[in-house]
Amino acid sequence: SHAAGRNVLPPPRPPVAPHQENVEIIVCVHNALADVQRCLASTLRHTAQPYGLILVDDGSDPPTRDFLADFAQQQPHATLLRRDEATGYTFAANRGILHSAAPFVLLLNSDTIVSPGWLDRIVACAGSDPTIGLVGPLSNTASYQSIPALAAGGDWAENPLPSGWDIDGWATALAESSARLYPDMPLLNGFCLLIRREVIDAIGLFDEAAFDAGYGEENDFCLRASSAGWRLALADDAYVFHAQSRSYSHSRRRELSERAGQILTDRYGRAPIAAAEEGMRDGPVLLGIRARAAVLAERSALVEAGRQRFAGKRLLFLLPVDAPGGGANVVLAEAEAMEAMGVDVHLFNLAKNRQLFAAAYPGNRLPVHFGSPDDARLLGKGFDGVVATWHESVEWLPVSGPTFGYYVQDFEAHFFDDGSDEQRRATESYSARPGLRCFTKTEWNRQEVLVHTGVDCAVVGPSLDIDRFRPIRTISTTKTPFDRLRTSQRHKEENPRLSAQSASSAFYSPSSPVRITAMIRPSSPRRGPQLTMETLRRLSQHYGERVAITLFGVSPSDPGFADLPQDFDWQLAGMLETDRVAALLGATDIFVDFSTYQAMGLTALEAMACGGAVIVPQKGGAGSFARHGENALVVDTSSAEACWRALRSLVDDEHLRARLRANAIRDACAFFPERAALNILAVLFGDGRDRGVL
């Protein structure tokens, strides 16, 4: 059978609810009074019961000592443990852990500031799977949990808050935009670390002998927990601000970090630790989280700009579609962005498409009207603007009244035979109404319309739904760096020692097949179905089981599909609604588009956002987002050999594939829907000088 398995996105997680199990929050303190005060004030303000506070005063000077004593006396849930002589973080943390009997302990640095719902979100991550033993949040500076940047100037990035944002607002925005993927992590930063009691019972405390001064003790603890079979996870909807080691100077921090790194290398071997660091630095899910955080403030600013200029406008899109497709996907994503800007957006579709549209877009939240073209003309009179999205729908625009727009997502005259009535109607549609405001996604499409019709369109820019299309796989398709550790003898009193050679061989095992995905549209010769199937057949014959090929976008009963080459190993996913396309692309290593041209190339852009290495046609508008050799391969699809060489290079060169994928994740996120949505509103309702160049 050539039927592919169902690719589905992870089911939506239940809403985060107040946690039910008791959590003991352990705050180890050594001076830095102002930081301690901010930390504890935010903890009281933003932490829901049940919880307790264990304050471990590790030899603080009198001002901090006295503040902690007063604080513990005034707060019924606080316990103070003090030693007059400083012993170091590792000893202090262990004292706090030993004092607790709660189902969870949470180590919280005293130079942190927590945010609304932080603890509920972290505990919810742990509660999503009983094998998750350790959980950490996102932060501004927490090594590989930092967002949006990891490094700056040879050190970890500090990631100051975006201009105009405070910690609470930023954390709330991150939580609302999070997909709550809870990705696995081989290591977690100790600045804010939730630990199940069962983990402590299984592996013991932090290693005081090796990490007496702090730094590295949490990495060692993570490796021991992983060895005992526990998962480590990132609560990617929780954010805790970190001021970064005020108890140590930067030089002392670097010295301790280097010392700890050498101990860990001696203990576990450099190869698995390097592999873990590489996975956390370059893993698709983490890259996706950082890339989306990097554009979050700009998206919010554009929504606010749209609200100030266009809130209260009513807009109707004429969208006569009966199946999922790129054009409709774009309209829906941008329409939802307009809704966030305070615009009342409605859709119109033909009555005959009602059931098919509902099946294609089950998650649609926008109001949809169904009827005849005459119904569309009548309905449109009640809106400030009406936008056609297909050349025939231009004829459905009201005779007069609202602003008229035409969303040109291709040059549709190319779809029809030369000299045909269909081609004439498509060509004339761009100037069918006086004052019709036409706009395209790409400069290439603008030029096509201008050259062939004389009509000049605005360019609103490429876009995709980056909240739906995102990496969903964890760090690697190969074994994780410490799978070998998990099969070793469980750590009790002594740390396991694993040679670099055995750890390296465990991680660098043969990877799973390279997964190649292609969309096949036999009804559209310009999409290159023959060339695509011939090239994939050649690939299958050359690589055999080293590749796994999945096709979608066509029904197995399509007579045009039967005429294409099929004598190779492939799977067919069929016609997919949007979420299943996102799931398929999220499980893809390479996406190929061998079309003759693409007006934009939405599916390739969606594949990039999901972490795929893509091949796109040189002709057309894909160059608006694809840069050859940087985030994609751009090929001359009139040459079968050029297509073959490009695809073979991606299969053969894992480093090229990884580099393109990492850059693609970052670059695709710049094409979020809010910018294009605001551009469209400016074209429709601006003063006539707006050309969509925000």
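Position numbers for residues start from 1 in each chain and track the written sequence from start to end. Predicted model: local features are reported for residues with pLDDT of at least 70 only, side-chain atom pairs are reported and counted for 80 or more only, and whole-chain, interface and lining totals are derived from all residues. As a rule here, side-chain values cover all heavy atoms of the structure and leave hydrogens and water aside.

With that settled, the discussion passes to the overall build of the protein. Runs of E in the DSSP output that reach at least two residues are strands. Runs of H or I that reach at least four are helices, and both are numbered from the N terminus. What the protein contains, in helices and strands, is 24 helices and 24 strands. Against the 2.2 N^0.38 benchmark of 26 Å for 694 residues, the protein shows a C-alpha radius of gyration of 28 Å, consistent with a compact globule. Its C-alpha atoms give the protein principal-axis dimensions of roughly 90 × 60 × 45 Å. Only protein chains enter the accessibility calculation, which uses a 1.4 Å probe; a residue whose area is less than 20% of its type maximum is buried, one above 50% is exposed, and one in between is partly exposed. The buried share among the 694 residues of the protein stands at 56%. Any two residues whose heavy atoms approach within 4.5 Å at even a single point are treated as in contact. Considering only contacts in the protein between residues 6 or more positions apart, those separated by 24 or more positions represent 74%. The method behind every accessible area is Shrake-Rupley, applied with a 1.4 Å probe, and residues are considered shielded solely by the protein chains displayed. Accessible surface, the protein as shown: approximately 28000 Å² in total, 49% of it carbon and sulfur. Across the protein, the 68 positively charged side chains and the 83 negatively charged ones have centroids separated by 1 Å. Between the two quantities, the radius of gyration covers C-alpha atoms and the globule rule is 2.2 Å times the number of residues to the power 0.38. Here Asp and Glu are counted as negative and Lys and Arg as positive; His is not counted, and neither are the chain ends. To locate a charge, take atom NZ for lysine, CZ for arginine, CG for aspartate or CD for glutamate.

The next point concerns the sheet that holds strand β17 (residues 437-440). Here, strands pair whenever DSSP counts at least two bridges between them. Spatial strand order, β14-β13-β12-β15-β16-β17-β18: 7 strands in an open sheet with parallel pairing. Edge strands, defined here as strands with exactly one partner in the open sheet, are β14 (368-371) and β18 (458-459). Judged from the 4 bridges that link them, strand β12 (residues 314-318) and strand β15 (residues 385-388) form a sheet pairing that is parallel. Each bridged residue has a counterpart across the sheet, and for Leu315 the counterpart in β15 is Gly385.

What follows covers the packing of aromatic side chains. Pairing of aromatic side chains here covers Phe, Tyr and the six-membered ring of Trp, requires ring centres within 6.5 Å, and sorts the geometry by plane angle: under 30 degrees stacked, over 60 edge-to-face, intermediate tilted. The final tally for this structure, using the stated rule, is 16 aromatic pairs. Each ring, one from Tyr407 and one from Phe439, has its centre 4.8 Å from the other, and the planes form 50°; the classification is tilted. Of the two residues, Tyr407 is situated in strand β16 (residues 403-408) and Phe439 in strand β17; the sequence distance between them amounts to 32 residues. Across the pair, Phe439 and Tyr407 agree in class, each one buried. Between Phe411 and Tyr430, the aromatic rings sit 5.6 Å apart at their centres with planes inclined by 15°, giving stacked as the arrangement. Here Phe411, found in the loop between β16 and α14 (421-429), pairs with Tyr430, found in the loop between α14 and β17; they are 19 residues apart in sequence, far enough to count as distant. Through successive ring pairs, a cluster of aromatic residues spans Phe357, Tyr361 and Phe370.

Moving on, we get to unusual backbone geometry. Residue Gln49 is joined to Pro50 through a cis peptide bond whose omega torsion reads 5°. Its location among the elements puts Pro50 in the loop between α1 (33-46) and β2 (51-58). The omega angle of the peptide bond from Ile147 to Pro148 is -5°, so this bond is cis rather than trans. Here Pro148 is to be found in the loop between β6 (132-138) and β7 (151-152). Its identity is not glycine, yet Asn31 carries a phi of approximately 65°, on the positive side.

Here the focus is the confidence of the model for the protein. Note: pLDDT gives the predictor's confidence per residue, expressed from 0 to 100. With 91% of its residues at a pLDDT of at least 70, the protein reaches an overall mean of 90. Confidence drops under pLDDT 50 across residues 475-510; counting only partners more than four residues distant or on other chains, this segment forms 72 contacts.

What the 7 strands build is an open sheet, ordered β3-β2-β1-β4-β9-β6-β10; its pairing is mixed. The strands lining the two open edges of the sheet, one partner per strand, are β3 (78-83) and β10 (231-239). The mean angle between the axes of side-by-side strands here comes to 20°, regardless of whether they run parallel or antiparallel. Two strands pair when backbone bridges link them, and strand β1 (residues 23-29) and strand β4 (residues 104-108) are joined in this way by 4 bridges, in the parallel orientation. Looking across to β4, one finds that Glu24 is bridged to Val105. Note on definitions: angles span 0 to 180 degrees between N-to-C directions of axes, and those axes are lines fitted to C-alpha atoms, for helices only across the stretch in contact. Here α1 sits on the sheet and contacts β1, β2 and β4; the angle it forms with β2, its principal contact strand, is near 170°. Docked against the sheet, helix α4 (residues 118-127) engages β1, β2, β4, β6, β9 (192-196) and β10, running at close to 150° with respect to β10.

Two elements in contact, helix α21 (residues 602-609) and helix α23 (residues 654-668), have axes whose closest approach is 7 Å; the angle formed by their N-to-C orientations is 110°. Classed by the angle they form, the pair α21 and α23 counts as roughly perpendicular. Only Ala664, Ile665 and Ala668 of α23 make contact with α21, whose side of the interface consists of Leu605, Met608 and Ala609. By residue class, the composition of the contact of α21 with α23 is 6 nonpolar, no polar and no charged. Oblique is the label for every angle not falling under 35 degrees (roughly parallel), over 145 degrees (roughly antiparallel), or within 65 to 115 degrees (roughly perpendicular). Ten residues, namely Ala, Val, Leu, Ile, Met, Phe, Trp, Tyr, Cys and Pro, are considered nonpolar, four, namely Asp, Glu, Lys and Arg, are considered charged, and the remaining ones, Gly among them, are considered polar.

Now for the environment of Leu536. Position of Leu536 among the secondary structure elements: in helix α18 (residues 529-543). When the C-alpha atoms of Leu536 and Trp644 are compared, they prove to be 8.7 Å apart, with 108 residues separating the residues in sequence. Dropping the residues within four chain positions of it, Leu536 is found in contact with Ile516, Ala518, Ile549, Leu551, Phe568, Val592 and Leu647.

Here β6 lies mainly inside the structure; 7 of its 7 residues are buried. Summarising the sheet, β6 and β10 pair through 6 bridges and their orientation is parallel. In the sheet register, Gly136 faces β10, and the bridge partner there is Leu234. Note that β6 and β9 share 2 bridges and pair antiparallel.

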